[in-house]
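Summary of the model geometry
As a plain string of letters, each chain reads:
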Amino acid sequence: MNKKISIVLVGVGGQGVITAANILGNAAVKADVMVYVSEIHGMAQRGGNVVCTVRMGEVSSPMLPSGTADVVLSAEPIEALRNISFVNKKTKVITDINPVIPFTVAVGGEPYPKLDDVFKEISKHAELYKIDALKIAKESGDAITKNTVLLGALAATGVLPFKPDVLLETILNMVPDKYKDVNRKAFENGMKAIKK
């Protein structure tokens, strides 16, 4: 295990970014790994951006300096690009490919950037993994499990200081019984998406 592992989770309000960060924090505690979790969200309930950090190992703060993230886990492509200051050439950026059109774009105020341009720019700065997390979540049984798909993808990178089973077990302990099967499937399919 690296002495420090820094993960930045980003997206917009309603995508389960904070829930995913809390699950990661709980999994670290379960694995007896020192962990800090923080969240920054403004107008998240109105589709605003959400940024959470999860730092594990020999760390003394949830805050991380620019260019030091091991992983940026993104539920929305432009949010991955917006947080590019956290990455370096070795950082793994895992992002869903489906944009969430912000209010200002929907009313015609600004155009949403071309996705190819967004991905090209991210690739200049980090190791990019694009997955259709929304499609995988729907195929797993429910679109609401998109954050579980992304956590499965994160687990498949091998960056975490504990086995994927610990993360899956933590997820299953935090969801109601009727959602356990769909979350298990979403997690496993998320892992497969990275292994391809």
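Residues numbered from 1 in each chain as written. Predicted model: local features only at pLDDT ≥ 70, side-chain atom pairs only at ≥ 80, totals over all residues. Heavy atoms only, no water.

1. Details of the layout of surface pockets
Selection criterion: Definitions used for this entry: grid spacing 1 Å over protein atoms alone; cavity, a set of points where a 1.4 Å probe fits but cannot get out; pocket, an open set with protein on both sides within 12 Å along at least 5 of 7 lines; lining residue, one with an atom within 4 Å of a point. Grid points are joined across faces, edges and corners, and a volume is the space filled by probe spheres set on the points. Numbering goes from the N terminus for both helices and strands, where a helix is a DSSP run of H or I of at least four residues and a strand is a run of E of at least two. For this classification, Asp, Glu, Lys and Arg are treated as charged, while Ala, Val, Leu, Ile, Met, Phe, Trp, Tyr, Cys and Pro are nonpolar and the rest, including Gly, are polar.
Size it by volume and the largest pocket reaches roughly 390 Å³. Residue assignment for the lining of the largest pocket shows that the elements contributing at least two residues are α1 (17–30) and α6 (146–156). Here the residues of the lining of the largest pocket are counted per class, giving seven nonpolar, nine polar and two charged.

2. Overview of the side chain of Ser6
In plain terms, the rule: When a residue's accessible area, from a 1.4 Å probe over protein chains only, is under 20% of the maximum for its type it is buried; when over 50% it is exposed; and in between it is partly exposed. Two N or O atoms count as a polar contact when they lie within 3.5 Å, although within protein this holds only if one can serve as hydrogen donor and the other as acceptor, and sequence-adjacent residues are included solely when both atoms are side-chain atoms. Note on contacts: a residue pair is in contact if any heavy atoms of the two residues lie within 4.5 Å.
With respect to the element layout, Ser6 can be found in strand β1 (residues 4–12). By relative accessible area, Ser6 is classed as buried at 3%. Only 3.0 Å separates the side chain of Ser6 from the side chain of Arg55, close enough to count as a polar contact. When sequence neighbours within four positions are dropped, the list of residues in contact with Ser6 reads Val54, Arg55, Leu64, Thr68, Ala69, Asp70 and Val71.

3. A look at empty space enclosed by the protein
A complete count under the given rule lists one cavity of 30 Å³ or more for this structure. Of the voids in this model, the largest cavity is the one considered here, and its volume is about 60 Å³. Together, Leu9, Val10, Gln15, Gly16, Val17, Ala20, Leu73, Ala75, Asn147 and Leu150 line the largest cavity. Of all the secondary structure elements, the ones that give two or more residues to the lining of the largest cavity are β1, α1 and α6. Here the residues of the lining of the largest cavity sort into seven nonpolar, three polar and no charged.

4. Section: helix α4 (residues 115–125)
Note the cut-off: Directions from the helix axis toward the C-beta atoms define the arc.
Residues of α4 that are buried: Val118, Phe119 and Ile122. Along α4, the residues classed as buried sweep out an arc of 90° about the axis, all on the same side. Residues Asp116 and Lys120 are exposed on α4 and point more than 90 degrees away from its buried face. On the buried face of α4, the contacting elements are α2 (77–82), β5 (92–96) and β6 (127–131).

5. Notes on the pairing of β5
Regular strands place their side chains on alternate faces of the sheet. This is how the line gets drawn: With strands facing away from the observer, any crossover in which the path from the first strand over the helix to the second runs clockwise is taken as right-handed. Any two strands with at least two DSSP bridges between them are considered paired.
Across the five residues of β5, five count as buried, placing the element largely inside the fold. Residues Lys92, Ile94 and Asp96 line one face of β5 and the alternating positions Val93 and Thr95 line the opposite face, and both faces are buried. Between strand β4 (residues 71–74) and its parallel partner β5, the chain crosses via α2, and the hand of that crossover is right-handed. Strand direction decides the pairing type here: β5 and β6, joined by five bridges, are parallel. Note that in β6 the partner of Ile94 across the bridge is Tyr129.

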